[in-house]
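Observations on the three-dimensional arrangement
What follows is the residue order along each chain.
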Amino acid sequence: MPPICRFLAALVFTSLFHASARGAEPDLSAWPETLREEVAGILRWPFNDRTRPLPLVVAPLPADQLVSTPPPGAITLFNGKDLSAWQPSSWRIVGDAVEITPGKDYLVTRDSFGSCRLHLEWWTPPGPDLKNGQNRGNSGIFFMGQYEVQVLDSYQNITYADGQAGAVYGQHPPGVNPARPPGEWQSYDIEFIRPVFDADGRLVRPARLTVDFNGVRVQDRVLVFGPTNPPARRPYRAHAVALPLQLQNHREVVRFRNIWIVPLAD
Ligand code: MG
């Protein structure tokens, strides 16, 4: 077969493959009509789709312009000194940060939280032979233990768009990529609005997330489809109005510091 024919055949096959992978029109009937367009926007792309366009790389806000001081009413979860706000774990304090012990447990707060504002800073190790992909400074912030804002070394790191730093994992890639190089501290300011369920466990209001990554807004009140844990998008299951916050252990070294939270009224 001439090269041009092989190229055209591969193009047709690739198009058909991705069309079938995306499947039929999603069933949106369980969602209120006012939300269907947003939900369809999430479902337009398959989970962890490697053909999804990657976010544009932009400059982060200079570190000295970022505000990291807790506001009045904030609850300090970690100020570099002790882990008393967290359940016992294998994580250890290094300098003014807390570091994952790879392959062990998540770091879980003692208290439970619903809607909140969260600030934290995170750090992934530099190195001469960093590989592309998800196993590079991967962690995450799991609101209510199940809605993840991804943490990943996303500096010159090719991986699927909805798994990059600042993604609502598997649902929303960050709008842009303002990652600093590994070895520098990165900053998150996140507003999480919890989902609401009625007495019969039906969803009344989905969760929403707003994420500022290094001072750049990368998520703006995006609708959370449901729990983000792999291997697929799943519908909501009713849960308590407040649950512990969790930091993910994804088998890689990541450090966190300066963690505070402001509970928000629903
Ligand atoms: Mg993660």
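Details of the structure are given in the entry above.
All values derive from a computational prediction rather than experimental measurement. (Residues numbered from 1 in each chain as written. Predicted model: local features only at pLDDT ≥ 70, side-chain atom pairs only at ≥ 80, totals over all residues. Heavy atoms only, no water.)

Counting 49 residues, the largest nonpolar core has I141, F143, Y188 and F256 as its most contacted members. Apart from the residues lying within four places of it in its own chain, the contact partners of Y188 are L118, H119, L120, W122, I141, V149, Q150, V151, A165, G166, D212 and F213. (Core = buried A, V, L, I, M, F, W, Y, C linked by side-chain atoms within 4.5 Å. Buried < 20%, exposed > 50% of the residue type's maximum accessible area, 1.4 Å probe, protein only. Contact = heavy atoms within 4.5 Å.)

Time to look at the sheet that holds strand β8 (residues 147-151). Across the sheet, four strands lie side by side as β5-β15-β7-β8; this open sheet has antiparallel pairing. Two strands in the sheet have a free side with no partner beyond their single neighbour: β5 (107-113) and β8. On average, each strand axis in the sheet is inclined to that of its neighbour by 20°, with strand direction left out of account. Note: strand β7 (residues 139-143) against strand β15 (residues 243-247), two bridges, orientation antiparallel. (Pairing = 2+ DSSP bridges. Helix = DSSP H or I, 4+ residues; strand = E, 2+ residues; numbered from the N terminus. Axes fitted to C-alpha atoms, helices over the stretch in contact; angles between N-to-C directions.)

It is worth spelling out the pairing of β8 at this point. Each regular strand displays side chains that alternate between the two surfaces of the sheet. Across the five residues of β8, five count as buried, placing the element largely inside the fold. Burial along β8 is two-sided: Y147, V149 and V151 facing one way and E148 and Q150 facing the other are all buried. Sheet topology places β7 next to β8; five bridges connect them, and they run antiparallel. For F142, the partnering residue across the bridge sits in β8 and is E148. Hairpin connection from β7 to β8: three residues lie between these consecutive antiparallel strands, with M144 at a positive phi of about 55°.

All right, on to the coordination of the magnesium ion then. For the magnesium ion, the full set of protein donor atoms is N138 (OD1), S139 (O), E148 (OE), Q150 (OE1) and Q248 (OE1), at a range of 2.1 to 2.4 Å. Along the chain, the residues donating to the magnesium ion are arranged with the sequence spacing N-S-x8-E-x1-Q-x97-Q. Its relative accessible area of 2% is what places N138 among the buried residues. (Donors = N, O, S within 2.8 Å, 3.2 Å for Na, K, Ca; no water.)

What follows concerns the packing of aromatic side chains. Using the criterion set out here, one finds 13 aromatic pairs in the structure. Judged by centre distance (5.5 Å) and plane angle (65°), the rings of W122 and Y188 are edge-to-face. With W122 in strand β6 (residues 116-123) and Y188 in strand β10 (residues 186-193), the pair connects residues that are 66 residues apart, well separated along the chain. As far as burial versus exposure is concerned, W122 and Y188 are alike and both buried. When the centroid spacing of 4.9 Å and the interplanar angle of 15° are considered together, the rings of F143 and F192 count as stacked. Placement of F143 in strand β7 and of F192 in strand β10 is noted, with a sequence separation of 49 residues between them. There is no split in this pair, since F143 and F192 are both buried. The structure contains a cluster of three or more aromatic residues connected by ring pairs, namely W31, F143, Y147, F192, F197, F225 and Y236. Just above the ring of W123 sits the side chain of R255; from NZ or CZ to the centre is 4.4 Å. The ring of W185 has R257 lying over it, and the distance from NZ or CZ to the ring centre is 4.2 Å. (Phe/Tyr/Trp six-rings, centres within 6.5 Å; stacked < 30°, edge-to-face > 60°. Lys NZ or Arg CZ within 6 Å of the ring centre and 35° of its normal.)

So, to be careful, I would describe these as geometric facts and stop short of saying anything about function.
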